[in-house]
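Examination of the molecular architecture
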Amino acid sequence: MPTRPRSSYRELPAPDALAPYVACLWEHRIGDGDLAYDQPVLPDGCIDLVVYDGEVVLAGPATRPTNLRFAPGSFLVGVRFRPGAAPPLVGVGAAELRDLEVPLGEVWGRAGAAVTERSLAASGPVQRLQVLTDAIAGRVDGAPAVDPVATGIAATLARRPAVPLPLLADRVALSERQLRRRVEAAVGYPPRTLARILRFQRFLRAARAAPPGRRDLAGLAAELGYADQAHLTRESRQLGGLPPGALLDWEAQRLGRHAG
């Protein structure tokens, strides 16, 4: 009977010099098996620089779930930027990358082609990550400043996604229109969309941390500010592609965990 591969994923801290811009480094290994491995990619408010499938791409901020398929034995590595912090270093506004994967060579020209060549020639995940972080570090000195308003709003919404837009605008002495424009340019979508995505990511983290067999979706929905469990289910279908329980069970199966 054909076997379906499982996978392992881990996050690594960013180098100190990149910590203001980079949330983490990551690597994802696909195990052995006979069938292809399906990997959902869910909106998270971030831009990633990723090496996979013989290419280096800038993966823009997503507004909808997508599914990638990998052969058994594959591995991917990436650099995940903090929400709002990528544009000065990558040289492209986040909204221009929304729901896109763009080869690095198309954005950085010859420099991007050189990074791609060195990344693919590297012998393993650690070496590939080193190529990426070296390339990003080399752009820091000449980069414009990160927009403190956009990154500050993103950090606020990560903690409190229900904060009203007028209150956010008052705090930074901007009109609501100005605030929307600045957040969208830096993060990739307006504040309310960002808040929805960050709240859903908070739900996923909390649900993954629940003991197996004791997942309380209704309780998590209330705790995280959803109107009710039906509201959570609608958001999960839109942002995750499945109802929350089914989404979490599918993840557990793919990663070889006990489904809750």
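Everything below is about the structure printed above this text.
First, a word on what this report is: a plain description of the structure on this page. (Residues numbered from 1 in each chain as written. Predicted model: local features only at pLDDT ≥ 70, side-chain atom pairs only at ≥ 80, totals over all residues. Heavy atoms only, no water.)

Examining the state of the cysteines
Counted by the stated rule, this structure contains zero disulfides. Of all cysteine sulfurs in the structure, the one in Cys46 sits closest to Cys24, which takes part in no disulfide; the separation is 7.8 Å. Among the residues examined, Cys24 registers a relative accessible area of 7% and is labelled buried. (Disulfide = S-S within 2.5 Å. Buried < 20%, exposed > 50% of the residue type's maximum accessible area, 1.4 Å probe, protein only.)

Observations concerning unusual backbone geometry
Its identity is not glycine, yet Asp53 carries a phi of approximately 55 degrees, on the positive side. Checked against the element boundaries, Asp53 lands in the loop between β4 (48-52) and β5 (55-59). Positive phi outside glycine occurs at Asp99, with the angle close to 60 degrees. Residue placement: Asp99 occurs in the loop between α1 (87-90) and β8 (101-103). (Helix = DSSP H or I, 4+ residues; strand = E, 2+ residues; numbered from the N terminus.)

A short note on the pairing of β4
For β4, the buried fraction is high: five of the five residues fall into the buried class. Side chains Asp48, Val50 and Tyr52 project from β4 onto one buried face, and the interleaved Leu49 and Val51 project onto a second face that is buried too. Taken together, the five bridges between β4 and β5 define a ladder with antiparallel strand orientation. Bridging across to β5, Val50 finds its partner in Val57. Count of turn residues in the β4/β5 antiparallel hairpin: two residues, of which Asp53 carries a positive phi of about 55 degrees. (Pairing = 2+ DSSP bridges.)

Focus: the pairing of β5
Extensive coverage of β5 is indicated by the burial of four of its five residues. Pairing of β5 with β8 involves three bridges; the strand directions are antiparallel. Bridge assignment links Val57 to a residue of β8, and that residue is Pro103.

A few points about the sheet that holds strand β1 (residues 7-12)
As summarised here, the arrangement of the six strands in space is β1-β2-β7-β4-β5-β8, forming an open sheet in which the pairing is antiparallel. For this open sheet the edge positions go to β1 and β8, each flanked by a neighbour on one side alone. If you compare each strand with its neighbour and ignore which way they point, the axes differ by 20 degrees on average. Contacts from helix α3 (residues 110-121) reach β4 and β5 within the one sheet, and its direction differs from that of β5 by about 120 degrees. (Axes fitted to C-alpha atoms, helices over the stretch in contact; angles between N-to-C directions. Contact = heavy atoms within 4.5 Å.)

A look at the environment of Leu129
Relative to the helices and strands, Leu129 is located in helix α4 (residues 125-140). Judged by relative accessible area, which is 5%, Leu129 ranks as buried. Leu129 sits 90 residues away from Gln39 along the chain, and the two C-alpha atoms are 20 Å apart. Excluding residues that lie within four positions of it along the chain, Leu129 makes contacts with Leu12, Leu25, Trp26, Val77 and Gly78.

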